[in-house]
Amino acid sequence: MTEPTTVVGAGVDRVDGPLKVAGAVAYPSDVSYPGMVHAAPVRSTIAAGRISSIDTTAAEAMPGVLAVLTHHNAARLNRGPENNLGPTPPPPLQDDRIRHNGQYVAVVVAERPYQAAAAARAVTVGYERADPVLEIDDPRGELRTNPFDTDAERGDVATALGSADVVHEATYSTAENTNNPLGLFATVAAWDGDQVTVHDATQWTSNVRTTVAEVFGLPEPAVRVYAKYVGGGFGSGLRVWQHVILAVLAARTVGRPVKLVLSRPEMFTGVGHRPDTVQTIRIGARRTGELVAIDHESVQTVAMEDENPEPVAAVSGNSYACPNVAHRDRQRRLNIPCPGSMRAPGEAQGNFALESALDELSYRLNLDPLTLRMRNYAETQPQYGLPWSSKALRECYEVGAERFGWSRREPGVGAMRDGRWLVGYGMAGVSYLWWQVRCEARASIGRDGTAYVSSAATDIGTGTYTVMWQLSAELLGLELEQVRFDLGDSEMPWAPQAGGSGLTGALGNAVYASCRELVRRFLDTVVDDPGSPLRGCTIDDVAVSGGRIHHRANPGQGESYSAILARHGLDELTAQAASAPPEAQQVGMAPAGAFAAKFVEVHVDPDLGLLRIPRVVSVIDGGRILNEKLARSQIIGGVVGGIGQALFEETRTDARTGRIANANLGDYLVPVHADIGEVDVVFVGAPDRLTPVGTKGVGEVGLPGVAAAIANAVYHATGKRIRSLPITIDQLL
Ligand code: MCN
Ligand code: MOS
């Protein structure tokens, strides 16, 4: 096959960019059907208890109203399946129990969206209140071990801590954050007999299909799911939420296509969030800086009757060459909406604690924070002892320190100033977990020499369409104009979630496998063709370029795809193939995710508590980068998300009612342009050895480390150690 060309790697503009700018693409909320009607949910105003009465008569009498579904009249539904992200949230409207404020208690269907919304307000619900459990430290909430087997231990932590020269112990906490993709989540469901078509703002069409089939007791082929364009997700589109089921149920009940678009407040209770954490770290070291032990325990919050696999403390097991490590994840069950993944789930919170603790330790040891990281560099995967499939974290540190000017850092706290502003430099490292799962793709080439490659995957704004278009062109030796890559339809070959920063790897490998299989089919076609210069060639003998397959050693000897098809009277050839992740033990390597070093400069006004971040340097090892422009934009987005986590984002729940008090973009703060200074992004490293395409994920690695680097810089500037996120003005006064 072909060697890398300039098609991949170059900063090709998004293939869907002009369409999006022109408003020419349909997000799920834009989809329309003849006769389509609209659904609006009614949400609980209490956090725990039961529905004692529900009066829908007024709502039913309102103009345009077709149906009001409650637990009294809604069909019984199955619970959806469990997958690698945990279980599906329980199906809605199945009983009178209230588990959280904002839970769906009814859904109104009406001719027009405003009629549905008005009638939803006219549904009267009586409640029998119970005392909700809402705080992470409330002993009434069950505290249990993360059920997804995320805890691990190596060595003898207690003994090693006892013999350490220095032990640092502290508790760190991170606030609950809510995913706020710009695109409001929407589902359009249209039944045709026993078949249903669902347009959904999801990160995983194949999962919506499996889940809807199971919940409604349908065979999978009866469900078709489209997600051609999604207005962001940041993890909130990984699970199949209750509103999806409500829309499908409503459409079946009224016998018309139904659209349900969540409002921004409904997004806060209906599509997951990053759970808050309280984490205690004990970290022991020798005088020289070698870590001897880390003990990391995290408590996070989880909803009633739900499970969330989010590994928070695991970061301490994977990041440094420390012989004795124990990490435990605990979860407190509360009357809160179901959490879900939010960009770098677990890592975003765990990294803050670990990288803050290391910074504190560096002061105790009188060592430069960067030197401390270098001294404990994990040359091999520390939990398994296997060599990494790739790792350029050292280069991340070195290049980052150089570009940032780390050597200009005065080690003393409060030693640097810029006029009235205190200046601080902080840094953090990131070892992001590997995640590449099974995926399928299909490729075909027609008589005109153009290719069509597809997979049921999604592009949630990352650039999947574009990078897979580039990759397909390279793998088939075609110009970009000769290739179309399509996705977002569950009828296409099965694909995993755009999640865990793993889609580019999984899908890239599936595209590789299907393109290779397609070339093999062309070779099979001419295997005994006396008229073909490729007669008898195997896949390893050939390369592709310029729309032709040719001998690897002799490019002149070959022929075009079109010529082969024409001579054999074929319209096209198609191949479908799957890629599966290699087993670490089998290949004798530890699958490496992305690595990163983050350097941050902060300015703090000591009188006003103002905090500014004039610059961030983020150096990333993402393996082979498919599109430098898009990958850079991923990292910039991650930095902005990290600044959000560090300084602004905090979902506040009213301690009595369990109502989210800031469930809108006026009160839930996110960074704006003026909060973001210079963001310098550099990619280092080489293609990963584990997979044929050699990519690692970059969608999330931009985020973790930012909050810790900011907190560490704040300490350097002010001497104030902030151990809880977000860092607010009052903490700096
Ligand atoms: N890329 C690349 N070279 C690589 C890896 C990635 O050029 N070696 C680029 C590609 O443009 C690719 C993108 O980076 O489309 C992200 O690829 P990857 O890291 O594989 O992540 P996924 O495709 O699995 O996307 C999900 C990931 C996650 S988990 C979250 S959360 C997140 C993120 O992507 N949510 C996002 N980035 C987001 N970006 C946008 N605009 N919107 C979201 O909701
Ligand atoms: Mo990302 S939080 O895994 O969608």
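Residues numbered from 1 in each chain as written. Chains lettered and ligands numbered in written order. Predicted model: local features only at pLDDT ≥ 70, side-chain atom pairs only at ≥ 80, totals over all residues. Heavy atoms only, no water.

Q: Which residues make up the overall build of the protein chain, and what values go with them?
A: Counting secondary structure elements, the protein chain contains 18 helices and 30 strands. Taking 733 residues into account, the globule formula puts the C-alpha radius of gyration at 27 Å, and the protein chain, at 27 Å, falls close to it. Summarising its shape, the C-alpha atoms of the protein chain cover approximately 80 × 70 × 50 Å along the three principal directions. The buried share among the 733 residues of the protein chain stands at 62%. The long-range share in the protein chain, meaning contacts at least 24 apart out of those at least 6 apart in sequence, stands at 81%. Here the protein chain has roughly 26300 Å² of accessible surface; of this, 50% comes from carbon and sulfur atoms. Of note, the protein chain has its 66 positive side-chain charges centred 2 Å away from the centre of its 83 negative side-chain charges. (Helix = DSSP H or I, 4+ residues; strand = E, 2+ residues; numbered from the N terminus. Rg over C-alpha atoms; globule rule 2.2 N^0.38 Å. Buried < 20%, exposed > 50% of the residue type's maximum accessible area, 1.4 Å probe, protein only. Contact = heavy atoms within 4.5 Å. Areas by Shrake-Rupley, 256 points an atom, 1.4 Å probe, with all protein chains shown as cover. Lys, Arg positive; Asp, Glu negative; His and termini not counted. Charge placed at Lys NZ, Arg CZ, Asp CG, Glu CD.)

Q: An account of the packing of helix α12 (residues 464-476) against helix α13 (residues 503-525) is needed here, citing residue identities and associated values.
A: In helix packing, the relevant descriptors are the interaxial angle and the interaxial distance, both defined with respect to the helix axes. Relative orientation of the contacting elements α12 and α13 amounts to 30°, with a least axis distance of 10 Å. Here α12 is positioned roughly parallel relative to α13, judged by the angle of their axes. For the element pair α12 and α13, the recorded crossing hand is right-handed. The residues of α13 that touch α12, namely those facing Thr464, Met468, Leu471, Ser472, Leu475 and Leu476, are Leu503, Thr504, Leu507, Gly508, Val511, Tyr512, Cys515, Leu518 and Val519. (Axes fitted to C-alpha atoms, helices over the stretch in contact; angles between N-to-C directions. Parallel < 35°, antiparallel > 145°, perpendicular 65-115°, else oblique. Left-handed = near helix turned anticlockwise from the far one by under 90°.)

Q: Now, about the site of ligand 1: what can you tell me, with residues and values included?
A: Of all residues adjacent to ligand 1, which total 32 residues, the nearest are Phe234, Thr504, Arg624, Gln634 and Val698. Between ligand 1 and Phe234, the relevant distance is 2.7 Å, taken from an oxygen atom to a main-chain nitrogen or oxygen of the residue. Relative to its unbound accessible surface of 820 Å², ligand 1 loses 96% to contact with the protein. Listed by contribution, the elements that provide at least two residues to the shell around ligand 1 are α12, α13 and α16 (628-648). Among the elements that make up the shell around ligand 1, the one with the highest residue count is α16 (three residues). Partitioning the shell around ligand 1 into residue classes produces 10 nonpolar, 18 polar and four charged. Inspection of the shell around ligand 1 shows a minimum of three residues originating in each of domain 1 (17-23 + 437-580) and domain 3 (277-435 + 587-732). (Near = heavy atom within 4 Å. Polar contact = N/O pair within 3.5 Å; in protein donor to acceptor, adjacent residues only side chain to side chain. Nonpolar A, V, L, I, M, F, W, Y, C, P; charged D, E, K, R; others polar. Domains from an automatic or database assignment.)

Q: Residues and numbers for the sheet that holds strand β20 (residues 421-431), please.
A: With mixed pairing, the five strands of this open sheet are ordered in space as β19-β20-β28-β29-β30. Edge positions in the sheet fall to β19 (416-418) and β30 (678-684), since each has one partner strand and no second. Pairs of neighbouring strands in the sheet enclose a mean axial angle of 25°, with direction left out of account. Here strand β28 (residues 595-604) runs beside strand β29 (residues 611-621); their pairing, made up of nine bridges, is antiparallel. Its bridge partner lying in β29, Phe595 is registered against Asp621. Along the sheet face, helix α11 (residues 393-404) touches β20, β28, β29 and β30 and points at about 30° away from the line of β28. Each of β19, β20, β28 and β29 touches helix α17 (residues 706-718); the most contacted strand, β20, lies at about 145° to it. (Pairing = 2+ DSSP bridges.)

Q: Break down the domain arrangement of the protein chain for me, with residues and values.
A: Each domain of the protein chain was delimited in the assignment, giving domain 1 (17-23 + 437-580), domain 2 (31-131 + 182-232 + 237-270) and domain 3 (277-435 + 587-732). Taken together, the 22 residues of domain 2 in the interface contact 23 residues of domain 3. When domain 2 packs against domain 3, the two sides together hide about 1700 Å² of surface, and 61% of this comes from carbon and sulfur. When the buried area of domain 2 at its contact with domain 3 is split by residue, Arg99, Asn101 and Phe268 rank highest and sum to 31% of it. The interface formed by domain 2 and domain 3 contains three salt bridges. (Buried area = accessible area lost by both parts, 1.4 Å probe. Salt bridge = Lys/Arg side-chain N within 4 Å of Asp/Glu carboxyl O.)

Q: Could you give an account of the packing of aromatic side chains, naming the residues involved and the relevant values?
A: Counting across every chain of the model gives 14 aromatic pairs. An angle of 45° between the planes, with centres 6.2 Å apart, marks the rings of Phe404 and Trp406 as tilted. Grouped by ring-pair contacts, the aromatic residues Phe404, Trp406, Tyr425 and Phe599 constitute a single cluster. Note that Lys391 overlies the ring of Tyr377, its terminal NZ or CZ placed 4.4 Å from the centroid. Taking NZ or CZ as reference, Arg615 lies 4.1 Å from the ring centre of Phe404, over its face. (Phe/Tyr/Trp six-rings, centres within 6.5 Å; stacked < 30°, edge-to-face > 60°. Lys NZ or Arg CZ within 6 Å of the ring centre and 35° of its normal.)

Q: How would you sum up the sheet that holds strand β6 (residues 97-98)? Please name residues and give values.
A: Sheet architecture is open: three strands sit in the order β6-β2-β8, paired in antiparallel fashion. If you trace the sheet from one side to the other, it starts and ends with β6 and β8 (124-129), each paired once. Alignment of strand β2 (residues 49-55) against β8, held across six bridges, turns out to be antiparallel. Across the sheet, Ile51 pairs through a bridge with Tyr127, a residue of β8.

Q: Lay out α16 in plain terms, naming residues and giving numbers.
A: With 21 residues, α16 should cover 30 Å at 1.5 Å per step; its first-to-last C-alpha distance of 29 Å lies within 8% of that length. Among the residues of α16, the N-terminal cap falls to Asn627, whose side-chain oxygen and the backbone nitrogen of Lys629 are separated by 3.1 Å. (Expected span 1.5 Å × (residues − 1).)

Q: Which residues make up the nonpolar core, and what values go with them?
A: Core analysis: the largest hydrophobic core is formed by 101 residues, its most contacted members being Phe216, Leu476, Val511, Val519, Phe522, Ile549 and Tyr561. Considering each element in turn, this core owes the most residues, 10 residues, to α13. Look past the residues within four positions of Phe216 in its chain and what remains in contact with it is Leu77, Trp191, Ile245, Val248, Leu249 and Arg252. Leu370, Ala594, Ala709 and Val714 belong to the second-largest nonpolar core, a separate cluster that totals 86 residues. (Core = buried A, V, L, I, M, F, W, Y, C linked by side-chain atoms within 4.5 Å.)

Q: An account of the packing of α16 against α17 is needed here, citing residue identities and associated values.
A: Taken N-terminus to C-terminus, the directions of α16 and α17 make an angle of 55°; their axes are 8 Å apart at the nearest point. When the axes of α16 and α17 are compared, the pair comes out oblique. Where α16 crosses over α17, the two elements pack in a sense that is right-handed. Facing α16, whose interface residues are Val639, Gly642, Ile643, Gln645, Ala646 and Leu647, α17 presents Val706, Ala707 and Ile710. The class makeup of the residues in the contact of α16 with α17 is seven nonpolar, two polar and no charged.

Q: Tell me about the pattern of salt bridges, and please be specific about residues and values.
A: Under the counting rule described, the total for this entry stands at 41 salt bridges. Taking the shortest distance from any N to any O, the salt bridge between Arg97 and Asp95 comes out at 2.8 Å. In this structure, the salt-bridge partner of Arg330 is Asp151, at a minimum N-O distance of 3.1 Å. Placement of Arg330 in strand β18 (residues 324-334) and of Asp151 in the loop between β9 (143-145) and β10 (152-154) is noted, with a sequence separation of 179 residues between them. Judged by its relative accessible area of 18%, Arg330 falls in the buried class. Within the structure, one salt-bridge network assembled from shared partners comprises Asp95, Arg97, Arg99 and Glu305.

Q: Please provide a residue-by-residue account of the environment of Gly705, values included.
A: When you line up the elements, Gly705 lands in the loop between β30 and α17. Linking Gly705 and Ser618, residues 87 residues apart in sequence, is a C-alpha distance of 9.5 Å. In this structure, Gly705 is in contact with Asn351, Ala428, Val430 and Lys598, ignoring residues within four places of it in sequence.

Q: Please give an account of the pairing of strand β23 (residues 483-486) that cites residues and values.
A: As judged from the four bridges shared by strand β22 (residues 451-454) and β23, these two strands associate in the parallel manner. Bridged to Ser454 within β23 is Asp486. Between β22 and its parallel partner β23, the chain crosses via α12, and the hand of that crossover is right-handed. (Right-handed = clockwise from strand over helix to strand, strands pointing away.)

Q: If you had to explain the environment of His603 to someone new, which residues and values would you point to?
A: With respect to the secondary-structure elements, His603 resides in strand β28. Note on His603: relative accessible area 11%, which makes it buried.

Q: Lay out α13 with the relevant residues and their values.
A: Since the α-helix turns once every 3.6 residues, residues separated by three or four places project in the same direction. The terminal C-alpha atoms of α13 lie 32 Å apart, and with 23 residues this matches the ideal 33 Å at 1.5 Å per residue to within 8%. Counting buried positions along α13 yields 17 of 23 residues, so the element is predominantly enclosed.

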